[in-house]
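# Structural features, examined
If you want the building blocks of each chain, they are given just below.
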Amino acid sequence: MTDAANAVPGFSTLAIHAGAAPDPSTGARATPIYQTTSYVFNDVDHAAALFNLEVFGNIYTRIMNPTQAVLEQRIAALEGGTAALAVASGHAAQVLAFHTLLEPGDEFVAGRQLYGGSINQFNHSFKKFNWNVAWADATEPATFEKAITSKTKAVFCESIANPGGIVVDLPAIAAIAKKAGVPLIVDNTLATPYLCRPKEHGADIVVHSLTKFIGGHGNSIGGVIVDCGTYDWLSAKKRYATLVDPNPSYNGMRLAETFGNFAFAIACRVLGLRDLGPAISPFNAFLILMGVETLPLRMARHCENALAVADYLVRHKEVAWVNYAGLSANKYNALAQRICPKGAGAVFTFGLKGGYGAGVKLVSNVKLFSHLANIGDTRSLIIHPASTTHSQLTPEQRKAAGAGDDVVRLSVGLEDAADIIADLEQALVA
Ligand SMILES: *Cc1c(COP(=O)(O)O)cnc(C)c1O
């Protein structure tokens, strides 16, 4: 064999082929939708070995499914991880990741520039498990170090954070997590592994909402946890009980000892997913896999279109400011060149000189853009946070959250850039 034949395939090849093979029983080339709840055991010994984790295999679709397995292997390959677990939503991925790391009373530090739903999840629902978040500023890595205490078990941030078009200095935050001896979890939803692979910048665990750019077509909710295989649970100074202690529900098995550099992904599946239950449906796994096949093509076009739209808006007389890290004048541009050199994604905010009223008018007047609360669709999407997602807050709270009265958020789609710009032009004139 030649060297080229031995080389690791490129990103586009992995996006289409990783984890998949023709179906052994039918020859089907596309990955089938295994729409089944359960799987017949070969014999009694096989059944016992499956339940004891002595062999890997399908038992019940809450825990594992062959369509889901292809999706998991593909995302693990794209992120450069050892293993992955696909689940029902991005939020489910976060719950299972923390369920595996934290015991009641433990803490984690998170950059406060996060998806709004994550802020709610961490502040309120996680409190019911007695998992406590300490907030840092993702634009000031030193604030993570200040927030770390003896109870801190993990650090969490997004790679590209919305709103505000922030690109996060992952290597700086990873160095702080490493010094504290805790794993770094990165939510890589807005970047996708095409633009940024957090493992290369020091992350130990990557989570995604597959609902957004990875699925990419606005048709299914899903999430994934990627184990980068980099964190050594056995020699850690902190005790990660779920990973290192004998497990009473698996005959005293110690997961980190048994499964080594993919123990975290196994623990998320055989404890978190088994017991909390947020499984992804085989049909959603199939739709998201379809999306992954074109991820590199779509992300390149998303970024190209976003840059064209941002360029247009910067020069518009009704526009006060544009927060897109892809613009050379943006304060995060230098960081974007290091963290996501192929592009700064397709979600960004801009401000209207006309304030609240102008924002409401703009979202009412667009025709090609859809006015809704999502991102990462083939279609261009728009929202005015002050009158929708953030309408319950006071004007001061909105401003602090990056959702002031003048702010409009775009998720630039895959239509012709000229048509996207023409739609904004007619809506801004009206
Ligand atoms: C949407 C989103 C989530 C939550 O994902 P769901 O699939 O909606 O549960 C988490 N993080 C980011 C950055 C998101 O955009």
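Nothing here was measured: the structure is a model prediction, and the numbers come from that model. (Residues numbered from 1 in each chain as written. Predicted model: local features only at pLDDT ≥ 70, side-chain atom pairs only at ≥ 80, totals over all residues. Heavy atoms only, no water.)

On to the site of the ligand, then. In the region of the ligand, 15 residues are neighbours, and Gly90, Asp187, Ser209, Thr211 and Lys212 sit closest. The separation between an oxygen atom of the ligand and a polar main-chain atom of glycine 90 is 2.9 Å. The element that contributes the greatest number of residues to the shell around the ligand is helix α5 (residues 90–101), accounting for three residues. Residues of the shell around the ligand, tallied by class, amount to four nonpolar, eight polar and three charged. (Near = heavy atom within 4 Å. Polar contact = N/O pair within 3.5 Å; in protein donor to acceptor, adjacent residues only side chain to side chain. Helix = DSSP H or I, 4+ residues; strand = E, 2+ residues; numbered from the N terminus. Nonpolar A, V, L, I, M, F, W, Y, C, P; charged D, E, K, R; others polar.)

With a phi angle near 65°, leucine 53 is a residue other than glycine that sits in the positive phi range. Within the secondary structure layout, leucine 53 lies in the loop between α3 (44–51) and α4 (66–79). One non-glycine residue, asparagine 130, lies in positive phi territory at about 60°. Within the fold, asparagine 130 resides in the loop between α6 (116–125) and β3 (132–136). Classification of asparagine 130 as partly exposed rests on a relative accessible area of 37%. (Buried < 20%, exposed > 50% of the residue type's maximum accessible area, 1.4 Å probe, protein only.)

Next up on the list: the environment of alanine 134. Relative to the assigned elements, alanine 134 resides in strand β3. Apart from the residues within four sequence positions on either side, alanine 134 is in contact with Phe108, Val109, Ala110 and Ala147. (Contact = heavy atoms within 4.5 Å.)

Bringing the pattern of salt bridges into the picture now. Under the definition given, this model contains 12 salt bridges. Here lysine 179 ties to glutamate 145 by a salt bridge, and the two come within 2.5 Å at their closest N and O atoms. Separated by 34 residues along the polypeptide, lysine 179 in helix α8 (residues 170–180) and glutamate 145 in helix α7 (residues 142–147) bring together distant segments of the chain. On the basis of relative accessibility, which here comes to 38%, the residue glutamate 145 falls in the partly exposed class. Salt-bridge contacts for arginine 379 lead to aspartate 377; the nearest nitrogen and oxygen are separated by 3.1 Å. (Salt bridge = Lys/Arg side-chain N within 4 Å of Asp/Glu carboxyl O.)

Taking 1.5 Å per residue, 13 residues should reach 18 Å; helix α18 (residues 417–429) reaches 18 Å between its end C-alpha atoms and fits that length. Among the residues of α18, those classed as buried are Ala417, Ile420, Ile421, Asp423, Leu424, Ala427 and Leu428. Along the axis of α18, the buried positions cluster into a sector of 155°, meaning they face one direction only. Every exposed residue of α18 that faces more than 90 degrees away from the buried side is listed here: Ala418 and Val429. (Expected span 1.5 Å × (residues − 1). Arc of directions from axis to C-beta.)

In this sheet, β3 lies alongside strand β2 (residues 107–111) in parallel orientation, the contact comprising five bridges. If you follow valine 109 over to β3, its bridge partner there is alanine 134. This β-α-β element, β2 to α6 to β3, shows right-handed connectivity. (Pairing = 2+ DSSP bridges. Right-handed = clockwise from strand over helix to strand, strands pointing away.)

Okay, the sheet that holds strand β11 (residues 347–352) next. Judged by pairing direction, the sheet is mixed, and its five strands sit side by side in the order β10-β11-β14-β13-β12 without closing on themselves. The open sheet has two edge strands, β10 (319–323) and β12 (370–371), and neither has a second partner. Relative to β11, helix α16 (residues 355–365) is tilted by about 125°, and along the sheet it contacts β11, β12, β13 (381–383) and β14 (407–411). (Axes fitted to C-alpha atoms, helices over the stretch in contact; angles between N-to-C directions.)

Here we take up the domain arrangement of the protein. Examined at the domain level, the protein breaks down into domain 1 (8–291) and domain 2 (296–429). Computed over C-alpha atoms only, the centres of domain 1 and domain 2 are separated by 29 Å. Contact residues are listed per partner, giving 30 residues for domain 1 and 32 residues for domain 2. Both faces considered, domain 1 and domain 2 share a buried interface measuring about 2600 Å² in area, 63% of it formed by carbon and sulfur atoms. The interface formed by domain 1 and domain 2 contains one salt bridge. The residue aspartate 169 makes a salt bridge to arginine 338 at a minimum N-O spacing of 3.2 Å. If you look at where domain 1 meets domain 2, you find seven residue pairs in polar contact (both at pLDDT 80 or more). Within the residue set of the side of domain 1 that touches domain 2, elements represented by two or more residues are α2 (11–17), β6 (166–167), α8 and α9 (192–195). Across the side of domain 1 that touches domain 2, the residue classes tally to 16 nonpolar, 12 polar and two charged. (Domains from an automatic or database assignment. Buried area = accessible area lost by both parts, 1.4 Å probe.)

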